[in-house]
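The primary structure of each chain is shown beneath.
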Amino acid sequence: MGIRFILMVNKQGQTRLAQYFEYLTIDQRRALEGEIVRKCLARNEQQCSFVEHRNYKIVYRRYASLFFLVGVDNEENELAILEFIHLLVETMDRHFGNVCELDIMFHLEKAHFMLEEMVMNGCIVETSKSNILAPIQLMDKAS
Amino acid sequence: MFGGPSLMDSIFQRSLEDLIKSFRLHLPGGEPTVVSKALDEIRYEIRSTDLTTKAAALQKLTYLHSLHHADMSWAAFHAVELSSSAFLPHKRAAYLAASLSFRPSTDVLLLLTNQLRKDLTSTNHLEVSLALECLSVICTPDLARDLSPDLFTMLGSSKNLVRKKAIATTLRVFSQYSDAVRVCFKKLVENLESGDVQTVSATVGVFCELALREPRAYLPLAPEFYRILVDSRNNWVLIKVLKVFAKLAALDPRLAKKVVEPICEHMRRSGAKSLVFECVRTILSSLSVYESAVKLAVAKVREFLVDDDQNLRYLGLQALSVVGLKHLWAVRENKEVVIRSLSDADPNIKLQALQLVMAMVSEDNVTEICRVLITYALKADPEFCNEILGFILSACSRNVYEIIIDFDWYVSLLGEISRIPHCQKGEEIENQLTDIGMRVEDVRPELVHVGRNLLIDPALLGNPFIHRILCGAAWVSGEYVQFSTNQIELMEALLQPRTNLLPPSIRAVYIQSAFKVLTFCLNVAFLPNEAAYSSSSCPINEYSASPSFAGHESLADCEQDEFLNLRVLSQSVKAPSVKNGGDTAVNHVKTSASLPLRNDILTQKSADKMFTLVKTALAPLVGSHEVEIHERVCNILGLLELTQNEISDGFSMEKGNFESEELKAYEIIKMMRDAFSEEIGPVAVSARDRVPIPEGLVLEENLHYLETICGDIQFPISSSFFLGRPHSGERDGVSFFNRPIIEVSESSNESTLLTEHRKRHGLYYLPSDKKEVVSCEYPPANDPKMQDDITDDAEDLVKLTEQSLVRKKKPSQAKPRPVVLKLDEGDEISVAAEKPESKDDMVSGALRELLFGSDAIPPSTQINSSDKLSSKRSGKVSEVNENVGNVRKSECGTPSSRKSKHHSHGKERERRSSEKNVEVREENGQSNKQKSGHRHGRHKARQRADGVANVVSQTPVIPDFLL
């Protein structure tokens, strides 16, 4: 499994989105998120985007007040994950128009939906923005 | 309606948006109350029959679960219920809730099976994709078994969206239910040839994950992957394919040879850093035997290293550490960059650089590198400082200090490290100090010197991190006190008042060391002949005869013979006059000066001083509550009591009297000194196992009669205490050496090895001494066989270091390419083939059957027809080469020709697979509803037979599928 989890966390360390691709109990999740947030948010702009934690590699990137953290296993290509994060942000940007933390807060379901279009089972399955957004737009029309 | 919410409640229900807003409004710390209040609401609302109300409640609950870690396992049934809604947003909410909260043990999971199946076969592709997404997360063996037929149909769906997701789902289904492999694998493989990029991407993603677990099973698919590697222009796909090849290339050198050029081509051509990096990593990790490719990759790494982007620098360093294992030159080439990275802003980069620096360490440059690192450690923050120190310590002590030539330097380095303010490596340094002391004879003077410098510094006692180091230093100083230049000073250091800052266990070591120092001093002072005697018997004690007691100024002044000590003095002075009642020896000696007085007085003074020192420092500790301290203080004071009185008395009496009186003190001191001069050597971990259990000894017998026996036993102190003296031990060792069990040539061989080693290092390890010490530890030393073992052991040890040194000479020696030697190959393959069997990896088992099954030959005929096979293989290989040639040509040729080629290739396989497939389907059909155990057993039996065949024939079989 390439990607193990995806987290979006704001500057204050509050989780804004959490998607796991392997089963962890609530307590495990809480602990993991706490540790990772402490580790990554303490880092500054001059430091690289990769942190090793437990048996994960965390690839993260900061956009405005929001941190995108992706936990991957050791085989994964870090640069590709960085590109993936950027793609995710661009996709959200295209959908919400100048995406910000509030958009993700209030449209968590949609954010999950986009993620599900892009990643399944920890594998990246879709990288075209219009392909990712097409089902969401259809679904919006349906409701 | 069972107390469910009314219409009014539904109208005034808080939406998810309201809930989120209430979170934003709450006061700091009020989050738990908001959550619990919301949960109460949700529990009520979710029971509503109105689906909109239920959906809203479920959405809120999902939100709370996902971001506020609220438990929602109780609501699983509601999610299942809502999933049957025909309204898409409701369904979506239900599936999202399920995928975020369901666990394998959720009991209502099976209730979802029918709904999932219904949605999977729906005409609305949105519903299908929702169901697939959910399935890919929550799939259990039961779900996988029930839904794999539906999944199979969807793998051939005409809708790209559906097909793509079905492919991604198979990965999860396979891992849960291995028999699904038989159903779906062929379809999955076909999707590799799809024209749709996303389909290929998803398929390659699945294979990439599968191949990471069990690469050998996917070797037959190499041609498909190769085509993608050459043709695809999608970086995501290429990265995945590269990962697959990184695994496959390690299994087959010919495949490696094929792919190395396309990979280099990508590396040259691509502008995408991620792809370039993946190429670099693949080459460095799996294709490192190809010099030119490695050169190219290292050039790319260099670009990364000097880039402004810290991410690239980090990855560059990481890549270097991968290549460094086999091609150290690559690291050496980039030495400056690596060293510079030690002061990077990012601790992760620093750590990578540090690892690389340590990888470069060899016996030639260890001094230089440590020098550089220490300067960095002094500047670094505490955390990184200790990282550096940890690396230095572990690198230098690796393989029993194999890279250290100049131990004097290393020991003083240890002293230097101890004084670095942030140093927290006390325990490690302590261990090394004592370990080196025991292993390396020649360094002991320097070791004692370093220890002394640490001990006499009162400031160090205030730092708890250094206490362990001081403990080591104290032990070394006590154990090898004969190398000390000034024992009085040492004694003062060991007993200084600030030692009360030490923890009791370490203080006990201090006191024990003081005991040793005292014993040594008394011994030298009163018993010169014995001292000389023991020094001759034990080579290390050369120093002990020299006038160390009196302090170094006396060293130059007098010869060994002239060395003044009480005994000589008192014997030469026939009639000592007593001036002050003889309570102090000093006065007495002052008057009796026929020999150089200065030393004499110094000796006397210092002896006296030492007595007072010990007394004043330790007397208060007699009441210590710490057992260790208490006991040792009593020991040392007791010795003092015994000897001091007698000696003082002795001076006040006539010569004859003195002689007889002195005997007691003489005995005591000699005994103590002998006890302490017993050499302590390192003992092998397995040493205890080598002691044979004496015949007739029953270890598990009840020892109830022990008391009666013990009453009679008087422990013979001398024999239990001195477990063989060094000289006698040596004699024993020699005699055993000459026993016929060890061939003379062998022992001479050992000695030449040894001398070589010594020449190299200019040092003496302790093989011979060690042997004796070890042998002396154990009573049944008369067993020649055991002796033999031990000598062998030591010999092995010497050889081992020798070997590792030889290996050191060519560190850049690449791992030999896997040559196809029969014996080796047999070993290798049996291991590789057994592994999956033992793990009982059903996926690969099923796969092997699928992929090799049609070509598998019964094991009985296999061996006989090996020559036939090999001829067949060579034919295939040439055909295969042709095939690849075609692919290459087709790059410049028309695409249709390539297509047709692949088509035929695919068809051939299809034909094979269809046969297989029919069989499998039949089997499936028959027993699908019956107990699966039966089929399971059959499958296993066949698999085992396959396994046997594979052990013998896997190599001949595999090439058939190759490029």
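Up top is the structure.
Below or above, wherever it landed, is the structure these notes cover. (Residues numbered from 1 in each chain as written. Chains lettered and ligands numbered in written order. Predicted model: local features only at pLDDT ≥ 70, side-chain atom pairs only at ≥ 80, totals over all residues. Heavy atoms only, no water.)

**With respect to unusual backbone geometry**
One non-glycine residue with positive phi stands out, namely R54 of chain A, at about 50°. Along the chain, the position of R54 of chain A falls in the loop between strand 3 (50-53) and strand 4 (56-63). Positive phi, close to 55°, is recorded for V400 of chain B, a residue that is not glycine. Within the element layout of this structure, V400 of chain B appears in helix 23 (residues 382-401). (Helix = DSSP H or I, 4+ residues; strand = E, 2+ residues; numbered from the N terminus.)

**Re the pairing of strand 5 (residues 66-72) of chain A**
All names here are of chain A. A large share of strand 5 lies buried, amounting to 7 of its 7 residues. Here strand 5 shows no split at all, with L66, F68, V70 and V72 on one side and F67, L69 and G71 on the other all buried. In terms of strand pairing, strand 1 (residues 3-10) meets strand 5 through 7 bridges, oriented antiparallel. Within strand 5, the position partnered with I6 by the bridge is V70. Taken together, the 7 bridges between strand 4 and strand 5 define a ladder with antiparallel strand orientation. By the bridge assignment, I58 is partnered in strand 5 with G71. (Buried < 20%, exposed > 50% of the residue type's maximum accessible area, 1.4 Å probe, protein only. Pairing = 2+ DSSP bridges.)

**Details of the interface of chain B and chain A**
On the side of chain A, 54 residues touch chain B, which itself brings 65 residues to the contact. The junction of chain B with chain A conceals about 5,400 Å² of combined surface from both sides, 57% of it contributed by carbon and sulfur atoms. Contact with chain A buries surface across chain B, with H69, R92 and W236 of chain B losing the most and accounting together for 15% of the total. The tally of links from chain B across to chain A stands at 7 salt bridges. For E117 of chain A, the salt bridge goes to K165 of chain B, with nearest N and O atoms at 2.6 Å. Applying the counting criterion to the chain B and chain A interface returns 23 residue pairs in polar contact (both at pLDDT 80 or more). Its residues assigned to classes, the side of chain B that touches chain A comprises 30 nonpolar, 17 polar and 18 charged. (Contact = heavy atoms within 4.5 Å. Buried area = accessible area lost by both parts, 1.4 Å probe. Salt bridge = Lys/Arg side-chain N within 4 Å of Asp/Glu carboxyl O. Polar contact = N/O pair within 3.5 Å; in protein donor to acceptor, adjacent residues only side chain to side chain. Nonpolar A, V, L, I, M, F, W, Y, C, P; charged D, E, K, R; others polar.)

**With respect to the packing of helix 4 (residues 51-68) of chain B against helix 5 (residues 76-83) of chain B**
All names here are of chain B. Interhelical geometry of helix 4 versus helix 5 gives an angle of 130° and a closest axis separation of 11 Å. With respect to each other, helix 4 and helix 5 are oriented oblique. When the axes of helix 4 and helix 5 are compared, the crossing they make is left-handed. From helix 4, L51, K54, A55 and L58 reach across to helix 5, where they touch H78, A79, E81 and L82. Residues of the contact of helix 4 with helix 5, tallied by class, amount to 5 nonpolar, 1 polar and 2 charged. (Axes fitted to C-alpha atoms, helices over the stretch in contact; angles between N-to-C directions. Parallel < 35°, antiparallel > 145°, perpendicular 65-115°, else oblique. Left-handed = near helix turned anticlockwise from the far one by under 90°.)

**Details of the packing of aromatic side chains**
For the structure shown, the criterion picks out 16 aromatic pairs over all chains. Here the aromatic rings of F50 of chain A and Y314 of chain B are separated by 5.6 Å at their centres, their planes lie at 35°, and the arrangement is tilted. Within this pair, whereas F50 of chain A is found in strand 3, its partner Y314 of chain B is found in helix 18 (residues 310-324), the two belonging to separate chains. Judged on exposure class, the residue F50 of chain A and its partner Y314 of chain B are both buried. K379 of chain B extends its terminal NZ or CZ atom over the ring of Y376 of chain B, reaching a point 4.7 Å from the ring centre. (Phe/Tyr/Trp six-rings, centres within 6.5 Å; stacked < 30°, edge-to-face > 60°. Lys NZ or Arg CZ within 6 Å of the ring centre and 35° of its normal.)

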